[in-house]
Amino acid sequence: MRSRQPDSLTQAVYRAVRADLLACRTRPGEKLRIAVLCDRHGASSGAVREALSRLTAEGLVTLEPQRGFQAGTISADGLADLTVARVEVESLCLRMAIENGDLGWEERLLGSAHRLRRTPWREPGDTARIGEAWVNAHEVFHEALVAACPNQTLLRIRSQLYAQSERYRSLSVPLADVDRDVEAEHRGLMLAALDRDKDRAVKAIAYHINETTRILLRAHFNRAEMAA
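Bear in mind the structure is a predicted one, so any value in this text is a computation, not a measurement. Along each chain, the written sequence defines residue order, and numbers are assigned to residues from 1. Totals for whole chains, interfaces and linings use every residue, but because this is a predicted model, local features are given only for residues with pLDDT of at least 70 and side-chain atom pairs only at 80 or more, for both listing and counting. Hydrogens and water molecules were not included; the side-chain quantities draw on all heavy atoms of the structure.

1. Quick notes on the overall build of the protein chain
A run of H or I in DSSP counts as a helix once it spans at least four residues, and a run of E counts as a strand once it spans at least two, with each numbered from the N terminus. Broken down by element type, the protein chain carries nine helices and four strands. Reading the protein chain from its N terminus to its C terminus gives the helix and strand order α-α-α-β-β-α-α-β-β-α-α-α-α. For every residue, the accessible area (1.4 Å probe, protein chains only) is compared with the maximum for its type, and the residue is labelled buried under 20%, exposed over 50%, or partly exposed between those bounds. For the protein chain, buried positions account for 42% of its 228 residues. Note on contacts: a residue pair qualifies if any of its non-hydrogen atoms lie within 4.5 Å across the two residues. Considering only contacts in the protein chain between residues 6 or more positions apart, those separated by 24 or more positions represent 76%. Total accessible area on the protein chain is roughly 12,400 Å²; 51% of this is exposed by carbon and sulfur atoms. Only the protein chains shown count as covering a residue, and every accessible area follows the Shrake-Rupley method with a 1.4 Å probe.

2. Some words on the confidence of the model for the protein chain
Every residue carries a pLDDT, the predictor's confidence in it, which falls somewhere between 0 and 100. Summarising the model, the protein chain shows a mean pLDDT of 87, and 89% of its residues fall at 70 or more. The least confident element of the protein chain, judged by mean pLDDT, is strand 4 (residues 126-130) at 65; the most confident is helix 5 (residues 103-118) at 97. Note on residues 1-5: pLDDT is under 50 here. Beyond four places in sequence and across chains, it has three contacts.

3. Describing the pattern of salt bridges
Any Lys or Arg side-chain nitrogen found within 4 Å of a carboxyl oxygen on Asp or Glu counts as a salt bridge. Taken as a whole, this structure holds twelve salt bridges when the rule is applied. With a shortest N-O distance of 3.1 Å, Arg158 and Glu90 are connected by a salt bridge. You can see Arg158 sitting in helix 7 (residues 152-169) and its partner Glu90 sitting in helix 4 (residues 76-100), a full 68 residues away along the chain. Note on accessibility: Arg158 and Glu90 belong to one class, buried. Among the ionic pairs, Glu211 bridges to Arg214, the shortest N-O distance being 2.5 Å. Remark: Arg214 and Glu211 occur in helix 9 (residues 198-227); sequence separation between them is three residues, near one turn of the helix. Judged by its relative accessible area of 10%, Glu211 falls in the buried class. One network of salt bridges, in which partners are shared, links Arg86, Glu90 and Arg158.

4. Description of helix 4
Count 3.6 residues to each turn of an α-helix, and residues three or four apart come out pointing the same way. Between the first and last C-alpha of helix 4 there are 36 Å, a value that for 25 residues agrees with the 36 Å anticipated at 1.5 Å per step. Here helix 4 has its buried residues at Leu79, Leu82, Thr83, Arg86, Val87, Val89, Glu90, Ser91, Cys93, Leu94, Ala97 and Ile98. Expected span, for any helix, means 1.5 Å times one less than how many residues it has.

5. Remarks on the side chain of His142
With respect to the secondary-structure elements, His142 resides in helix 6 (residues 132-146). For the purposes of these results, a polar contact is taken to be a pair of N or O atoms within 3.5 Å, where, inside protein, one atom must be able to donate a hydrogen and its partner to accept one; residues adjacent in sequence count only when each atom of the pair is a side-chain atom. At a separation of 3.0 Å, a polar atom in the side chain of His142 contacts the side chain of His138.

6. Points about helix 2 (residues 34-41)
Here helix 2 has its buried residues at Ile34, Leu37, Cys38 and His41. Around the axis of helix 2, the buried residues are gathered within 105° of arc, so they sit on the same side. More than 90 degrees from the buried face of helix 2, the exposed residues found are Ala35, Asp39 and Arg40. Of the residues trailing helix 2, Gly42 is marked for its positive phi of about 60°. As used here, the arc is the angular range of directions from the helix axis to the C-beta atoms.

7. Topic: the environment of Gly78
Within the fold, Gly78 resides in helix 4. Along the primary structure Gly78 and Ser165 are separated by 87 residues, whereas in three dimensions their C-alpha atoms are 9.9 Å apart.

8. Looking at the nonpolar core
For the purposes of this section, nonpolar cores are sets of buried Ala, Val, Leu, Ile, Met, Phe, Trp, Tyr and Cys residues that join through side-chain atoms within 4.5 Å. Counting residues in hydrophobic clusters, the biggest one holds 35 residues, and the most contacted among them are Cys93, Leu94, Trp105, Leu109, Phe141 and Leu145. At the level of secondary structure, the elements contributing two or more residues to this core comprise helix 4, helix 5, helix 6, helix 7, helix 8 (182-194) and helix 9. Among the elements that make up this core, the one with the highest residue count is helix 4 (eight residues). Each residue touching Leu109, except ones within four places of it in the same chain, is listed here: Phe141, Ala144, Leu145, Met190, Ala193 and Leu194. Counting residues in hydrophobic clusters, the runner-up holds 21 residues, among them Leu9, Tyr14, Val17 and Ala163.

9. Observations concerning the layout of surface pockets
Considering only enclosed or pocket space, the second largest pocket measures out at about 270 Å³ in volume. Here a cavity denotes a set of grid points, spaced 1 Å apart and computed over the protein atoms alone, in which a 1.4 Å probe fits but from which it cannot get out, and a pocket denotes an open set meeting protein on both sides within 12 Å along at least five of seven lines; residues with an atom within 4 Å of a point are reported as lining. Around the second largest pocket, the lining comprises 15 residues; the ones closest to its centre are Leu116, Arg117, Val182, Glu183 and His186. Mapped onto the lining of the second largest pocket, the elements with two or more residues apiece are helix 5, helix 6 and helix 8. Top contributing element to the lining of the second largest pocket by residue count: helix 8, with six residues. Grid points are joined across faces, edges and corners, and a volume is the space filled by probe spheres set on the points.

Quick look at the structure:
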């Protein structure tokens, strides 16, 4: 059996560490020790450092003198700033996608919406939490919305902002605290895009993102302040 090449090993480490960050299995602010990650992933220190450098460029990891790498921190102000950036970038990408989308884009959007609608929102065995399968289907749907945007730079920025926002979602807000019709929001987004109604679609995506932020701020950060 051939061993993995350095580039593929770096990619494997990158994907594994990134998944732990997005799911908050690696907690915000937690120190990322090179030796520990080398042992965990069977990789060289060079491969681990390269993976962490990529994650630093994406804003998921920070590098501080004398302290090394650590998982990016989260805060109410950080979430608010992230939300403003996401609304602007998502809106630009969505407008361009609607202008340039063809039949293939419409089919992809319809398929992703169907998958999302049919995926259980609640986590099996812990029905108070959002399920991982639903989170994955949700990401696919939002990627499909903007897939026809021809500006690859905007799409890369959008992907990074989306990933950063998922860390906040992974704080696992109990569903009992969520009072919204998410399925209706997604259907409204899909229909506006398919109708080629750019203004309606942009209004819908802005509401969708801002409503998530409102719920997270109320549910997580208010509790953190009360527990402090």
